[in-house]
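Descriptive analysis of the structure
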Amino acid sequence: MFFPISGAHISPIYLALIGFLIGILGGFFGVGGSFIAGPALRAMGVDWNFAVGTDLAHIVGKSVVAAKRHRALGNVDLKLGLIMALGTIGGAECGAQLIQMLKRAGNVNQVVSIVSVTVYIGISTFMIWESRRTLARQKGRAAAPTSAASKKRDPSSIKHVTRGIQRFKLWPMIDLPASGIKAISLWVIMLVAFVGGLFSGFLGGGAGYIRMPSMVYIIGVPTHLAVGTDLFEIIISASYGTLSHAIKGNVDILIALVMHTGAAIGAQIGAISTQFFAGPKIRLAFVPLPLIGAAIVIYTMVTGHKI
Amino acid sequence: MKKDTARTLRAFLIELVVYAFLVVGYFFLVLHFLGDWLYQLEIHYRYTYAGVALLLIIGQAVVLESVTTLLLRIIRGRTE
């Protein structure tokens, strides 16, 4: 099928299948999935600028579907999502500026590659250690929880660190009743969102692989809520990115709509599937995602080919 | 408990099938009626194109889900 806006010939079935896969991952883990969508579009001959912009447009639609489903399941903290959106947009702008600075210095590819591989591997290593430790502790205590409500109770091996962060009293303190947090400094939330946005602007994509774990471990949001809230937050930040890229001529909305036919269905399946898994298991299953990102970057560094 | 889960999953699957039909139909409608217009818009009026693109993708997500829910409510209302 020919898409005149980007001038690409791509099978709609391929696009829908890629969308479906990303939809499941997004609905289940609360990530945008740009580390798959970008290379998948690129592999079909779509220019990089269109791959990035179109991917963002389809992420908006998929995140709306998944966030709506998560909201119906009680997994979205709107207040937290709105606050985080502000920090993310600020961070994304700074990340983009940082990229421009590195471009001028002439070593952008090297710096971005090294930083991204370090971050991806760091997140995966930490999450595998934490979630396995938590699951082992749970096993030793009692039988695994069976009801949906008990699955949402979210034990973590580093809860003491999270509590310490929540005790950090820097005005203004806010409460997040939906996430079960009585008081936390607004600056902690803004910092987490800002860092997520910074990586989003710096490394591209939505940076859900950083934000979702940060929400769990630093702010203390239960995993199910972190997934839903991250998706809600992605709607705002990806909409901003879509507008910005569309104005620059980087969005083929027809490709995004075909991808979204698969993504909308996958996102619903992914979101509903979270009900059947406890928080530590979702975190453990999350581990391969940043590793895939790291593998793609290492491949690009070694071969010189962008995928 | 298991019966409830099975019932919920069945309802979810029916909803998903209806939704899938609507989403695919929506794309073909957009392609047929708006394809050329979007192409021209992207060349000549980028700001309008940006707004329309965002509306189309959010519309696909929000409106179609609401239509699915409405359709299922009507179908259930008739069968009960």
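Residues numbered from 1 in each chain as written. Chains lettered and ligands numbered in written order. Predicted model: local features only at pLDDT ≥ 70, side-chain atom pairs only at ≥ 80, totals over all residues.

1. What about the environment of B:Ala20?
Of note, B:Ala20 is situated in helix α1 (residues 2–44). Here the alpha-carbon distance between B:Ala20 and B:Leu41, two residues 21 residues apart in the chain, equals 28 Å. (Helix = DSSP H or I, 4+ residues; strand = E, 2+ residues; numbered from the N terminus.)

2. Quick word on the interface of chain A and chain B
In this complex, chain A contributes 27 residues to the contact, which on the side of chain B involves 26 residues. Elements that contribute at least two residues to the side of chain A that touches chain B include exactly α3 (48–72), α10 (223–247) and α11 (253–273) of chain A. The greatest single-element share of the side of chain A that touches chain B, amounting to eleven residues, is contributed by α11(A). By residue class, the composition of the side of chain A that touches chain B is 18 nonpolar, eight polar and one charged. (Contact = placed C-beta atoms within 7 Å. Nonpolar A, V, L, I, M, F, W, Y, C, P; charged D, E, K, R; others polar.)

3. Notes on the nonpolar core
Ranked by size, the top nonpolar core spans 100 residues in total, and within it A:Val60, A:Ile253, B:Ala53 and B:Ile57 carry the most contacts. Sort the elements by how many residues they give to this core and α11(A) lands first, with 13 residues. In contact with B:Ile57, other than residues within four places in its own chain, are A:Ala57, A:His58, A:Val60, A:Gly61, A:Ile253, A:Ala256, A:Leu257 and A:His260. (Core = buried A, V, L, I, M, F, W, Y, C linked by C-beta atoms within 7 Å. Buried ≥ 20, exposed ≤ 12 C-beta atoms within 10 Å, placed from the backbone.)

4. Quick look at the packing of helix α1 (residues 12–29) of chain A against α3(A)
Residues and elements named next belong to chain A. In the contact formed by α1 and α3, the axes pass within 10 Å of each other and the chain directions differ by 45°. Judged by the angle between their axes, α1 and α3 are oblique. The two elements α1 and α3 meet at a crossing, and its hand is right-handed. Facing Gly19, Ile22, Gly23, Gly26 and Gly27 of α1, the residues of α3 in contact are His58, Lys62, Ser63, Ala66 and Arg69. Of the residues in the contact of α1 with α3, the class split is two nonpolar, six polar and two charged. (Axes fitted to C-alpha atoms, helices over the stretch in contact; angles between N-to-C directions. Parallel < 35°, antiparallel > 145°, perpendicular 65-115°, else oblique. Left-handed = near helix turned anticlockwise from the far one by under 90°.)

5. Some thoughts on the confidence of the model for chain A
Confidence in the prediction for chain A averages 84 pLDDT; 94% of positions are at 70 or higher. The lowest-confidence element of chain A is helix α6 (residues 148–152) of chain A, averaging 55 in pLDDT; the highest-confidence one is α1(A), averaging 91. (pLDDT = per-residue confidence, 0-100.)

6. Overview of the pairing of strand β3 (residues 173–176) of chain A
All names here are of chain A. Relative to strand β4 (residues 181–185), β3 runs antiparallel, the two being bridged by three bridges. Bridging from a neighbouring strand, Met173 pairs with Ser185 of β4. From the end of β3 to the start of β4, which pair antiparallel, there are four residues, and Gly180 there has a positive phi angle of about 75°. (Pairing = 2+ DSSP bridges.)

7. Description of the packing of helix α4 (residues 78–105) of chain A against α10(A)
Residues and elements named next belong to chain A. Where α4 meets α10, the closest approach of the two axes is 8 Å, and the angle between their N-to-C directions is 40°. It follows that α4 is oblique to α10 by the angle criterion. Crossing hand, α4 versus α10: right-handed. Residue-level inspection shows Leu78, Leu80, Gly81, Met84, Ala85, Thr88, Ile89 and Ala92 of α4 in contact with α10, the latter providing Thr229, Phe232, Glu233, Ile236, Ser237 and Tyr240. Its residues assigned to classes, the contact of α4 with α10 shows nine nonpolar, four polar and one charged.

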